Structure formats: C-alpha cells, structure tokens
Amino acid sequence: MTQGSRSIRRLIPPLLFDTPDFRRLWFGQTISVFGDQITQLGLPLVAVLTLGADATQMGTLTAVGLFPHLLFSLPAGVWLDRVRARRRLMIAADLGRAALIASIPVAYALGVLAMPQLYVVGFLAGTLSVVFDLSWNTLFVAVTQRERYVEAMALLNGSRSLASVAGPTIGGLLVQALGAPLAMLGDAISYLGSVVFLRRIRSPEPPIEHEEGSVRERLLAGLSFVIGDPIMRPTLLSVATVNLFTFASSALFILYATTTLGVSPGALGLALGTGSVGAVIGAIFATRIGRRIGLGPAYALGLVIYPVSLLLIPLAGPDMSMVVILALLFGSEFGAGLGVMILDINVGAIIYARTPDRIRARAAGAFRFINYGVRPVGALLGGLLGGALGVREAIWITTIAAIGGVLFLIGSPVLRLRDLPEVSGD
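Structural notes, computed from the coordinates.

Rules used throughout
- Residues numbered from 1 in each chain as written.
- Predicted model: local features only at pLDDT ≥ 70, side-chain atom pairs only at ≥ 80, totals over all residues.
- Heavy atoms only, no water.
- Helix = DSSP H or I, 4+ residues; strand = E, 2+ residues; numbered from the N terminus.
- Rg over C-alpha atoms; globule rule 2.2 N^0.38 Å.
- Buried < 20%, exposed > 50% of the residue type's maximum accessible area, 1.4 Å probe, protein only.
- Contact = heavy atoms within 4.5 Å.
- Areas by Shrake-Rupley, 256 points an atom, 1.4 Å probe, with all protein chains shown as cover.
- 1 Å grid on protein atoms, 1.4 Å probe; cavity = no way out; pocket = protein on both sides within 12 Å on 5 of 7 lines; lining within 4 Å.
- Points joined across faces, edges and corners; volume = space filled by probe spheres on them.
- Nonpolar A, V, L, I, M, F, W, Y, C, P; charged D, E, K, R; others polar.
- Salt bridge = Lys/Arg side-chain N within 4 Å of Asp/Glu carboxyl O.
- Axes fitted to C-alpha atoms, helices over the stretch in contact; angles between N-to-C directions.
- Parallel < 35°, antiparallel > 145°, perpendicular 65-115°, else oblique.
- Left-handed = near helix turned anticlockwise from the far one by under 90°.
- Phe/Tyr/Trp six-rings, centres within 6.5 Å; stacked < 30°, edge-to-face > 60°.
- Expected span 1.5 Å × (residues − 1).

### Focus: the overall build of the protein
Part 1: Each helix and strand counted, the protein has 19 helices and zero strands in total.
Part 2: Relative to the compact-globule value of 22 Å for 426 residues, the protein shows a C-alpha radius of gyration of 21 Å, a close match.
Part 3: Of all 426 residues assigned to the protein, the portion counted as buried reaches 57%.
Part 4: For the protein, long-range pairs separated by at least 24 residues make up 89% of all intrachain contacts whose partners lie at least 6 apart in sequence.
Part 5: For the protein, the accessible area works out to roughly 17,200 Å², and carbon and sulfur atoms hold 67% of it.

### Description of the side chain of Ser 190
Part 1: Take Ser 190: it is sitting in helix H9 (residues 185-198).
Part 2: Taking the relative accessible area as the measure of exposure, Ser 190 reaches 7% and is therefore buried.
Part 3: Among residues more than four places away in sequence, those in contact with Ser 190 are Ile 31, Ser 32, Gly 35 and Asp 36.

### Re the layout of surface pockets
Part 1: Computed from the structure, the largest pocket encloses a volume of approximately 560 Å³.
Part 2: Val 150, Glu 151, Ala 154, Thr 287 and Arg 291 are, among the 25 residues lining the largest pocket, the residues nearest its centre.
Part 3: Those elements giving two or more residues to the lining of the largest pocket turn out to be helix H7 (149-178) and helix H13 (277-293).
Part 4: The element contributing the most residues to the lining of the largest pocket is H7, with nine residues.
Part 5: Among the residues making up the lining of the largest pocket, the classes are represented as 13 nonpolar, five polar and seven charged.

### Some words on the pattern of salt bridges
Part 1: Evaluation of the coordinates by the stated rule reveals three salt bridges.
Part 2: Put simply, Arg 354 and Asp 229 hold a salt bridge, and the shortest N to O gap is 2.8 Å. With Arg 354 in helix H16 (residues 322-354) and Asp 229 in the loop between helix H10 (215-228) and helix H11 (232-260), this residue pair connects regions lying 125 residues apart in the sequence.
Part 3: A residue is classified by how much of its surface remains accessible, and Arg 354, at 13% relative accessible area, is buried.
Part 4: The exposure class of Asp 229 is buried, given its relative accessible area of 5%.

### Remarks on the side chain of Ser 249
Part 1: Tracing the sequence through the fold places Ser 249 in helix H11.
Part 2: Taking the relative accessible area as the measure of exposure, Ser 249 reaches 7% and is therefore buried.
Part 3: Every residue in contact with Ser 249, bar those within four places of it in the chain, is listed here: Ile 395, Thr 398 and Thr 399.

### Things to note about the packing of helix H18 (residues 374-389) against helix H19 (residues 391-402)
Part 1: Axis separation between H18 and H19 bottoms out at 7 Å; the angle between their running directions is 130°. As far as their axial angle goes, H19 and H18 are oblique. For the pair H18 and H19, the crossing hand works out as right-handed. Residues Gly 382, Leu 385, Gly 386 and Leu 389 of H18 lie in contact with H19, whose contacting residues are Val 391, Glu 393, Ala 394, Ile 397 and Thr 398.
Part 2: Residues of the contact of H18 with H19, tallied by class, amount to five nonpolar, three polar and one charged.

### Let's talk about the packing of aromatic side chains
Part 1: The full count for this structure, using the stated rule, is five aromatic pairs.
Part 2: Taking the centre distance of 5.3 Å and the plane angle of 20° together, the rings of Phe 27 and Phe 197 count as stacked. One end of the pair, Phe 27, is in helix H3 (residues 20-50); the other, Phe 197, is in helix H9, with 170 residues separating them in the sequence.
Part 3: Judged by its relative accessible area of 18%, Phe 197 falls in the buried class.
Part 4: An aromatic cluster is defined as three or more aromatic residues linked by ring pairs; in this entry it consists of Trp 26, Phe 27 and Phe 197.

### A few points about H19
Part 1: Helix length check: H19, at twelve residues, gives a terminal C-alpha distance of 17 Å against a target of 16 Å (1.5 Å per residue), a fit within 8%.
Part 2: Residues of H19 that are buried sit in contact with helix H4 (55-80), H11, helix H14 (295-310), helix H15 (312-315) and H18.

This is the structure:
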C-alpha cells in the first residue's frame, strides 16, 4: 500500500472501507435523503406559493403523507417478517416514489396541478415509505455487525445532517430559479440513485422464522413487545410525545415563515441550510457524547435540545428586521439539528440492539405505528390550532408542549443505560 493510498484510507470511516454492502446501503441512503430535503421544502412551497393553501390545508397536506404510518405500519410489519426478498421491495418502493414525485411537475406543466393531487401523492408516497423503511430495518442488521451499530447510525445520520445543510439551500435556490413544482424533479431523480446502490447489495437477509398463531396474534406480538419492554416503552412514549407536538408546529412553519414573516424561498432555504450545520456537528459528536455520559442520558439530552431550540421560531415576529428573523430561524435550525442527531444516533442503536431478529419488522412496525402515527395527528392539530388561535400562537403552544416528552424517561432504566442493552427475551 502506497503512502497516498494509506492517507486516503485514513480519511474514510473504517465501516465504509471494510464493509462493502454497508457502504452501498449508505451511498443509496445518502443520495435519497438529499433529494428528500428538496421535497421537504418544495412540497409545502408548491401548496403555499403555487396553489395558495391556508393553515388547514397545510395541516391536511402534512397529515395525509403521514397517515400511512398509522394505517399500515402494524400489518406491514407482520407481512414483512415473512417476506424473503425485502431488498426487492425497497427497490420497487423507490421506483414508485420517483414516479409519484415526478407527477407533480408534469401536472404543473400541463396546467392541471391542484391540492387533491398533492394529497394523493403524499398519501401514496407515504405508503411506499412504510414498506421501504420497515424493510430497511432488516437490511441494516444484515450488513452491519452488532458491535458497530452506533458507528453505523452515526454515518447514516451524518449523511442526513449533511443533506439538511445542503438540501434546503439547493432546494430553495431551485425553487427560486425553476419554481417549486419543477424543483421536485431533484427528489424523483434521487430515488433512482438509491435503486442503483440497492441492486448491488449481496448480504443475505436475516432468516425467516415461521411462527404458529393467527395474524392477529402475530400483529399484536410487536405491539406488546414495544409497550411491555421496560426500555422500549419509555423510549417510545418520550419520542412520540416530541413528534406529536413538533409536527403540529412544523405543519405551520412554511406558512408562518413565508406569509407572516415574509421570508422568500431562497432566503428561507439558505437560513435552514446553514442552520443545519448543527446537525453535522451533532452527527460528529453524538457518538462521543454517548460514550461520555451513556447512551440513555445522551438520548434524554437530545430530547430536550431539539424542542427547546424550536422556540426561536415563534420568537421571530413580523415587526423585526429580516436580518433578525433569519438569525432566529438559523438558530432554531442549528439547535434542532444538533438535538435530533444526538437523539437519533443514540436511541437508534439502543432500539436495534434491544429488538430480537425474529420480530424485528413487527417491532419496528409497532414502534412506527405509534411514533409515526402521532405525526399526522399532530399535523392536523397544528392546522386546527392555527386556524382557531392564529399560526404564531399555535406554534408557541405546541413547541412548549413538546419539551414534556423527556418526562417519560424519569425513573426508567433508559436513563441508566451506559452501553447497548442486551437483546430482549421478548
């Protein structure tokens, strides 16, 4: 090995260098999450700027994209625990999502784009996301050694954090240059990039264990595990509470920023993109924080930093200068990104380590059923509160309520977790 190649190897995280299939999974996910950032900004901007959506419609738009997690997570988990070729399902889901997202600029070009299409696209893309994400859980453990879960989660969330920096900036500039509908083509293309790398993964998936019992019994097995396990239950309740109320406020964020505060799409994307440097810092240091104070306390720390940072959004008011408004939005995104990375990386490793392989898809489906199921409820709640009380007032109320999620960890074994927990006897 030459000196140059040794220098290059030192720059590459060991897991990417010595685990080819994880590297392919990571590349595919990295491409995909960059595209997702464009849609995350572009879709609500299509609704607000192109179609003139109000607070209730914005809440509904966010909710319909999340309702599939509530409706399908449990049955999909039962089904996927008996499917052998889950990687193929992920490829099909990516192709389907690419087609759905691409239909928006096509409809816009034909002059037929309307809110009902956005609702349908959001719902169907969300349904495919359920299949993809639950299948992803089994593929992750197939390409990653147990003792490297935290390292792997740091790399995957690091990609997400980098995407949160560049994605909104790129998305905002694309929206400014092309318009929100056409900018969404970037996300459609990213799903095709994910497919390229998924097709190259060769690691065998975890074996399927055929169990006795009715569909109802198998469906309830994952739910009873996440509710009954002393580590999974408080973990789920805390993060679900945070998600319920942060999604209530996020459903109103684009509307508040663009109509009340008067922030342009380009400036908004720039503020969110640069503020997301906090997520990059969080991804870099989350593993070290987990080692220093323990995985459980690090998770609790993230649960606090994330929602507290969002209080800077309603603190920004239309009577302030645009410089101050953008500074507050930047600070909110910086702190929220930092908190989310500390939260996700440490709790993700805890969940993967705690869950038995034989019920992994069902347990992930049950966890998602509650954790993601509260999100459309939160989005609708945000829309209703925004319509009844005012957008800014609704953001204040829901953001303050989100801080209470950490209270579910008080007295639980999660706060005593220093390292990965043992696999549950389920």
